[in-house]
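# What the coordinates show
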Amino acid sequence: MRVLVVEDERNLADAIARGLRRQGMAVDLAYDGSTGHEMAFVTRYDVVVLDRDLPGIHGDQICADLVSSGALTRVLMLTASGTVADRVEGLQLGADDYLPKPFAFDELVARVQALGRRATPAAPPVLAVADLVLDPAKRVVTRAGAAVDLTRKEFGVLEELLKARGAVVSSEELLERVWDANTDPFTTTVRVTVMTLRKKIGDPPLIETVVGAGYRVTA
């Protein structure tokens, strides 16, 4: 899942990003509304965690522009004001969810995960091909009933391939969906990650390389 955090309180923004990354999400950061607005329309994010009172472009404007663009991106709006009137106003602007500060981090994670599931065409709660099973909620992968120990990036790549349901997923798409903006676009990290993922999944092989196009999982 690709997430953009737009928050001008740097310590809070960095803490949110660290926590979401620990959950296996690819997270980008913007510390002001102008930068956040630009990033939100350059990259396709599943979820934008958006502070409402931002310098530059106000969070309300970013939210309204995302909604009017027709993007599938879901917006979780953060604000220091938690009155009912403020929550209603935020939701009327088009925000998908609203969380007042201070908040419990576990709740933030749960809300981001829930919104992420709504940002893309619905996938089954458990993804499976042949004897390979991936449970996104529990973050568990098994093959023939045996646990497969994957890194966060390996898990993310496998999840994206399984969600594609046999369609080819390019290296560029995997880089965009699983890694963040700090990753070198010319890196070989996707190829290396797929290689180690294949070894861990074992035989018979399930991940197929489509020359010049990308990868797909076949039964």
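Model, not experiment: these values are computed from the prediction. For every chain, the first residue of the written sequence is number 1, and numbering continues from 1 onward in sequence order. Restriction of local features to residues with pLDDT of at least 70 applies here, the model being predicted, together with a cutoff of 80 or more for giving and counting side-chain atom pairs; totals for whole chains, interfaces and linings are based on all residues. Where side-chain values are given, they derive from all heavy atoms of the structure, hydrogens and water being excluded.

Working definition: helices are DSSP H or I runs of at least four residues, strands are E runs of at least two. Numbering for both runs from the N terminus. Under the convention used throughout, the expected extent of a helix is 1.5 Å for every residue step, that is, one less than its residue count. The terminal C-alpha atoms of helix 6 (residues 152–163) lie 16 Å apart, and with 12 residues this matches the ideal 16 Å at 1.5 Å per residue to within 8%. For every residue, the accessible area (1.4 Å probe, protein chains only) is compared with the maximum for its type, and the residue is labelled buried under 20%, exposed over 50%, or partly exposed between those bounds. In terms of burial, helix 6 is a largely internal element, 9 of the 12 residues being buried. Regarding helix 6, the residues found buried are Glu-154, Phe-155, Gly-156, Val-157, Leu-158, Glu-159, Glu-160, Leu-161 and Leu-162. Remark: Arg-165 follows helix 6 within two positions and exhibits a positive phi of approximately 55 degrees.

What follows deals with the UniProt feature "modified residue: 4-aspartylphosphate" (unreviewed entry) in the protein chain. When the UniProt feature table is mapped to this numbering, "modified residue: 4-aspartylphosphate" (unreviewed entry) covers Asp-51. Looking at the element boundaries, Asp-51 is found in strand 3 (residues 47–51). The residues contacting Asp-51, other than those within four sequence positions of it, are Val-6, Glu-7, Asp-8, Gly-59, Leu-78, Thr-79 and Lys-101. UniProt positions are given in the numbering used here, feature names are shortened, and annotations may be inferred rather than shown by experiment. Only heavy atoms matter for contacts: two residues are in contact if any of them lie within 4.5 Å across the pair.

Turning our eyes to something else, we now look at the packing of helix 6 against helix 8 (residues 189–201). Simply put, an axis is a line fit to the C-alpha atoms, just over the touching stretch for a helix, and the angle between two N-to-C directions goes from 0 to 180 degrees. Contact pair helix 6 / helix 8: the axes reach a minimum separation of 10 Å and the direction vectors enclose 85 degrees. Relative to helix 8, helix 6 is oriented roughly perpendicular. Two secondary-structure elements touch here, helix 6 through Lys-153, Glu-154, Val-157 and Leu-158 and helix 8 through Thr-193, Val-194, Thr-196, Leu-197, Lys-200 and Ile-201. By the convention adopted, Pro, Cys, Tyr, Trp, Phe, Met, Ile, Leu, Val and Ala count as nonpolar, Lys, Arg, Asp and Glu as charged, and the other residues, Gly among them, as polar. Split by residue class, the contact of helix 6 with helix 8 holds 5 nonpolar, 2 polar and 3 charged. Throughout, the term roughly parallel applies to angles under 35 degrees, roughly antiparallel to angles over 145, roughly perpendicular to angles from 65 to 115, and oblique to all others.

Let us look at the confidence of the model for the protein chain. Here pLDDT means the predictor's own confidence in every residue, given as a number from 0 to 100. Mean pLDDT over the protein chain stands at 87; residues scoring 70 or higher make up 92%. Within the protein chain, helix 4 (residues 84–92) has the poorest average pLDDT of any element, 69, and strand 3 the best, 95.

As a further point, take the nonpolar core. Side-chain atoms within 4.5 Å are what join buried Ala, Val, Leu, Ile, Met, Phe, Trp, Tyr and Cys residues into a set we call a nonpolar core. The biggest cluster of nonpolar side chains holds 25 residues, and the ones touching the most others in it are Val-141, Val-157, Leu-158 and Ile-207. Looking at this core, the elements with two or more residues in it are strand 6 (127–129), strand 7 (132–135), helix 6, helix 7 (171–178), helix 8 and strand 11 (214–217). Ranked by residue count, the leading element in this core is helix 6, at 5 residues. Apart from residues no more than four positions distant in its own chain, Val-141 is found in contact with Leu-132, Val-133, Leu-134, Ala-146, Ala-147, Val-148, Leu-150, Phe-155 and Leu-158. Ile-16, Val-49, Leu-76 and Leu-78 belong to the second-largest nonpolar core, a separate cluster that totals 18 residues.

For the rest of this paragraph, the subject is the pattern of salt bridges. Definition used for salt bridges: Asp or Glu carboxyl oxygen within 4 Å of a side-chain nitrogen of Lys or Arg. Counted according to the given criterion, the structure contains 13 salt bridges. Here Glu-7 makes a salt bridge to Lys-101, at a shortest N to O gap of 2.9 Å. Note that Glu-7 is positioned in the loop between strand 1 (2–6) and helix 1 (10–22) and Lys-101 in the loop between strand 5 (97–100) and helix 5 (105–119), a separation of 94 residues in sequence. Accessibility assignment for this pair places Glu-7 and Lys-101 in one class, buried.

For the domain bounds, the source is a domain assignment made automatically or taken from a database. Assigned domains of the protein chain: these are domain 1 (2–119) and domain 2 (127–217). Placing the centre of domain 1 and that of domain 2 at their C-alpha centroids yields a distance of 27 Å. Listed by partner, the interface residues are 11 residues for domain 1 and 9 residues for domain 2. Taking both sides of the interface into account, the surface hidden between domain 1 and domain 2 amounts to around 890 Å²; carbon and sulfur atoms contribute 37%. Remark: the boundary between domain 1 and domain 2 carries 1 salt bridge. For the side of domain 1 that touches domain 2, the secondary-structure elements that each account for two or more residues are helix 1 and strand 2 (26–30). Ranked by residues supplied to the side of domain 1 that touches domain 2, first place goes to strand 2 with 3 residues. Residues belonging to the side of domain 1 that touches domain 2 are distributed by class as follows: 2 nonpolar, 3 polar and 6 charged. Buried area counts how much accessible surface, traced with a 1.4 Å probe, disappears from two parts once they are put together, with both parts' losses summed.

Between rings of Phe, Tyr and Trp, where Trp is taken as its six-membered ring, a pair exists when centres lie within 6.5 Å; planes separated by under 30 degrees are stacked, by over 60 edge-to-face, and by other angles tilted. Per the counting criterion, the structure on display carries 0 aromatic pairs. Between the NZ or CZ atom of Arg-10 and the centre of the ring of Tyr-31, over which it lies, the distance is 3.9 Å. Its end group placed over the ring of Phe-155, Arg-139 keeps NZ or CZ at 4.1 Å from the ring centre. We count a charge as sitting over a ring when the NZ of a lysine or the CZ of an arginine lies within 6 Å of the ring centre and within 35 degrees of the ring normal.

Let us now look at helix 3 (residues 59–69). Within helix 3, burial applies to Gly-59, Asp-60, Ile-62, Cys-63 and Leu-66. Relative to the axis of helix 3, the buried residues are bounded by an arc of 165 degrees and lie together on one face. Of the surrounding elements, those touching the buried residues of helix 3 are helix 2 (33–42), strand 3 and strand 4 (74–79). Phi turns positive, to about 80 degrees, at Gly-70, one or two residues after helix 3. This arc is taken over the directions from the axis of the helix to the C-beta atoms.

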